[in-house]
Number of protein chains: 2
Amino acid sequence: MTAEEKIKEAARTVFHKKGFAATRTRDIAEEAGINLALLNYYFRSKKKLFDIIMFESFQSFFYTMKEVFNDDNISLEVKIETFVARYIDFIVEQPDLPIFLMNELRNNAEELFRRMDLRNFFQASSFFKQYQERIKAGHPLPSLLHFLANVMGLTVFPFITKPMLQYVGDLDEPDFREFVLERKKLIPTWIKKMYL
Amino acid sequence: MTAEEKIKEAARTVFHKKGFAATRTRDIAEEAGINLALLNYYFRSKKKLFDIIMFESFQSFFYTMKEVFNDDNISLEVKIETFVARYIDFIVEQPDLPIFLMNELRNNAEELFRRMDLRNFFQASSFFKQYQERIKAGHPLPSLLHFLANVMGLTVFPFITKPMLQYVGDLDEPDFREFVLERKKLIPTWIKKMYL
DNA sequence: AAATGTTTTAATCAATTGTTTAAATGTCTT
DNA sequence: AAGACATTTAAACAATTGATTAAAACATTT
C-alpha cells in the first residue's frame, strides 16, 4: 500500500471516530505510520483531505440505497426488505459512519447534496414511481418524506443511540450485534403493518 | 443576568451548535459578551464548563421521558401519545440538542448514564410495568429495547437528518416545522398498527 | 555512474487556543 | 470614607496545531 493510500485509510478511520474538529493531523499520521509532512505533500491540507473522505463516505452511505431503489425488477415490499437488510449489514461493518455523517452534515450539507444530485435521484428512482403508483391505486400511504424518515429512522437510529441502548439493555458487543441483526426481519414487518 | 449565567447560556448555545472540539473559549466569551478570563474565573476550565452543560442537556432531554413514563394514571397508549407530542415540541425549541447529544455521547457516555441512574429508571418505571403486563396478557410485543428504539427513532431521527430531508423534500423552515409537527399525530397511530 | 525527478524525513514556523496574571474597577461593610 | 472583598479587564504565557522548508533518501532516466 502506498503512503497516499495509507493516509487516506487512516484519515477515514480517525475522522469517522472523532470528527473533523477533534482530529489532529498528527493523529492521522500516527494511525497511518507515516511522516506528518506527507499528509500535506499528498493532500495539501487537513480540510482538503477531509472533504475527500466526507464525499466518499456519504457516497458509500447512499450506494446501497441507490442500487436497491433503482432496481426495476423488484416490488416495493422487496425493496424495503433488501434495503433494510443490506443497510444494517453495511453499518455493522462501519459503526462510526452514521454519527460521523449526521454530525458533519450540520455544515456544508447542501453543497454535498447538490454534488450528489440527491433530490433528482429520489424523484427519478424506480422506488419513487412505484410509491406514486401505489398512492394512485388508493393505498393510504404517508408522504414519501415521512416514509423515508420512518424506514431510515427505524434502521439507522439504533446505531446512533448505541451507547444508550447498550447501557439500558445491559448489552455487550455480541448482544448489541444480535439486537440490530434481529431488526433485519422485524423492520419490514413493522413497516408493512404500519400502512395497512 | 449575571456574568456567570451569561456564560452558561452562551456555552449551551455554542456547544450545542458546534460540539466540544469545534468550540473555542473565545466563541463562548463573544457570544456571552464577557471578557474571556471570566470563563475560567467562574468555571475553571472549558472542560468543566462543558461537563456541566452536557449533564444538564442530557437531563433536560430525559426529563420529559421520566415524567411521562412514570405517570401511573395513564395507559400505555396515552403514554406514547403524550411522550411523542411533548418530545417533538421540546426538540422543535432546541433543534441542535439531538445531534449534539448523540455526537458527544460517543465518549464518556457510561459515566453519565450511571450518574443519571438510567437503567434503574426504566426498570422501575410505570411504563416498564405496563409493558410487562401487556406481554404477560399475550400481546405480541417486541422486546422493550426494540420498542424504545422504534418510538425514539421515529420521533428523533427526522431532526438528526434535517438537512437531508429538507433538501430532498425541498422544504424551507416552516415546511420542515409542519412536517415534524404532523408526526405528533402520525407516530402514535403507526406504533399502534405496528403491534397489532 | 551521473543527472533528474520523486518521495520521505527532521526541524521549524506562525497562528491559534486554553489558561493565568496582575492590575483596575466595582460593591459592600463598618 | 476607608477597608475588605468580589468582579472585570487587558495583556501575556505556554502548549498545541496545521503547515512549510530544506535536506536526505530513493528511484528512474540518460
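Residues numbered from 1 in each chain as written. Chains lettered and ligands numbered in written order. Predicted model: local features only at pLDDT ≥ 70, side-chain atom pairs only at ≥ 80, totals over all residues. Heavy atoms only, no water.

A. Broad picture of the overall build of chain A. On a plain count of helices and strands, chain A comes out with 12 helices and zero strands. Across the 196 residues of chain A, 48% fall into the buried class. When the accessible area of chain A is evaluated, it comes to approximately 9,400 Å², of which 49% is carbon and sulfur surface. Each charge class in chain A was averaged separately, 28 positive and 27 negative side chains, and the resulting centres sit 5 Å apart. (Helix = DSSP H or I, 4+ residues; strand = E, 2+ residues; numbered from the N terminus. Buried < 20%, exposed > 50% of the residue type's maximum accessible area, 1.4 Å probe, protein only. Areas by Shrake-Rupley, 256 points an atom, 1.4 Å probe, with all protein chains shown as cover. Lys, Arg positive; Asp, Glu negative; His and termini not counted. Charge placed at Lys NZ, Arg CZ, Asp CG, Glu CD.)

B. Structural detail: the pattern of salt bridges. All names here are of chain A. Overall, the coordinates contain 22 salt bridges over all chains when judged by the stated rule. For Glu-67, the salt bridge identified is with Arg-86, shortest N-O distance 2.5 Å. Of this pair, Glu-67 sits in helix α4 (residues 46–69) while Arg-86 is found in helix α5 (residues 76–93), placing the two residues 19 residues apart along the sequence. On the basis of relative accessible area, Arg-86 is assigned to the partly exposed category, the value being 35%. The partner of Glu-110 in a salt bridge is Arg-114, with the nearest N and O atoms 3.8 Å apart. You can see Glu-110 and its partner Arg-114 sitting in helix α7 (residues 109–116), four residues apart, about one turn around the helix. A single network of salt bridges, built from pairs that share partners, joins Lys-8, Arg-12 and Glu-56. (Salt bridge = Lys/Arg side-chain N within 4 Å of Asp/Glu carboxyl O.)

C. Highlighting the protein's contact with DNA strand D. Contacts to DNA strand D come from 16 residues, most closely from A:Arg24, A:Thr25, A:Arg26, A:Lys46 and B:Tyr42. Taken together, the sugar and phosphate atoms account for 53% of what DNA strand D places within 4 Å of the protein. A distance of 3.4 Å is found between a phosphate oxygen of DNA strand D and a backbone nitrogen or oxygen belonging to B:Asn35. Listing elements by their share of the surface near DNA strand D, those giving two or more residues are α2 (25–32) and α3 (36–43) of chain A together with α3 (36–43) of chain B. Per element, the largest residue contribution to the surface near DNA strand D is four residues, and it comes from α3(B). Looking at side-chain class alone, the surface near DNA strand D contains seven nonpolar, five polar and four charged residues. (Near = heavy atom within 4 Å. Polar contact = N/O pair within 3.5 Å; in protein donor to acceptor, adjacent residues only side chain to side chain. Nonpolar A, V, L, I, M, F, W, Y, C, P; charged D, E, K, R; others polar.)

D. The arrangement of the interface of chain B and chain A in detail. Counting residues at the interface gives 50 residues for chain B and 50 residues for chain A. At the surface where chain B touches chain A, the tally comes to two salt bridges. The closest approach of N and O atoms between B:Arg119 and A:Asp170, which form a salt bridge, is 3.7 Å. Per element, the largest residue contribution to the side of chain B that touches chain A is 11 residues, and it comes from helix α10 (residues 144–160) of chain B. Taken together, the residues that form the side of chain B that touches chain A break down as 32 nonpolar, eight polar and 10 charged. (Contact = heavy atoms within 4.5 Å.)

E. Here's a closer look at the protein's contact with DNA strand C. Near DNA strand C, the surroundings consist of 15 residues, among which A:Tyr42, B:Arg24, B:Thr25, B:Arg26 and B:Lys46 are the closest. Considering the 4 Å shell around the protein, atoms of DNA strand C inside it are sugar or phosphate in 53% of instances. Within the backbone of B:Thr25, an N or O atom sits 2.8 Å from a phosphate oxygen of DNA strand C. Contact between DNA strand C and B:Asn40: a sugar or linking oxygen at 3.4 Å from a side-chain N or O atom of the residue. Secondary structure elements with two or more residues in the surface near DNA strand C: α3 of chain A together with α2 (25–32) and α3 of chain B. The biggest single contributor to the surface near DNA strand C is α3(A), with four residues. A class-by-class count of the residues in the surface near DNA strand C yields seven nonpolar, five polar and three charged.

F. Looking closely at the packing of aromatic side chains. If you walk through the whole model with that rule in mind, you get 46 aromatic pairs over all chains. Its guanidinium or amino end placed over the ring of A:Phe20, A:Lys46 lies 4.1 Å from that ring's centre, counting from NZ or CZ. We note B:Lys66 situated over the ring of B:Phe121; from NZ or CZ to the ring centre the distance is 5.6 Å. (Phe/Tyr/Trp six-rings, centres within 6.5 Å; stacked < 30°, edge-to-face > 60°. Lys NZ or Arg CZ within 6 Å of the ring centre and 35° of its normal.)

G. Region of the structure containing the domain arrangement of chain A. All names here are of chain A. Partitioning chain A into domains gives domain 1 (1–44) and domain 2 (54–194). When each unit is reduced to the centre of its C-alpha atoms, the spacing between domain 1 and domain 2 is 29 Å. In this assembly, seven residues from domain 1 lie in contact with seven residues from domain 2. For the pair domain 1 and domain 2, the summed buried area comes to about 550 Å², and 47% of that belongs to carbon and sulfur atoms. Our count for the domain 1 to domain 2 interface comes out at two salt bridges. One salt bridge connects Glu-56 with Arg-12, and the closest N-O pair in it is separated by 3.3 Å. The interface formed by domain 1 and domain 2 includes four residue pairs in polar contact (both at pLDDT 80 or more). Of the residues belonging to the side of domain 1 that touches domain 2, the class tally is two nonpolar, two polar and three charged. (Domains from an automatic or database assignment. Buried area = accessible area lost by both parts, 1.4 Å probe.)

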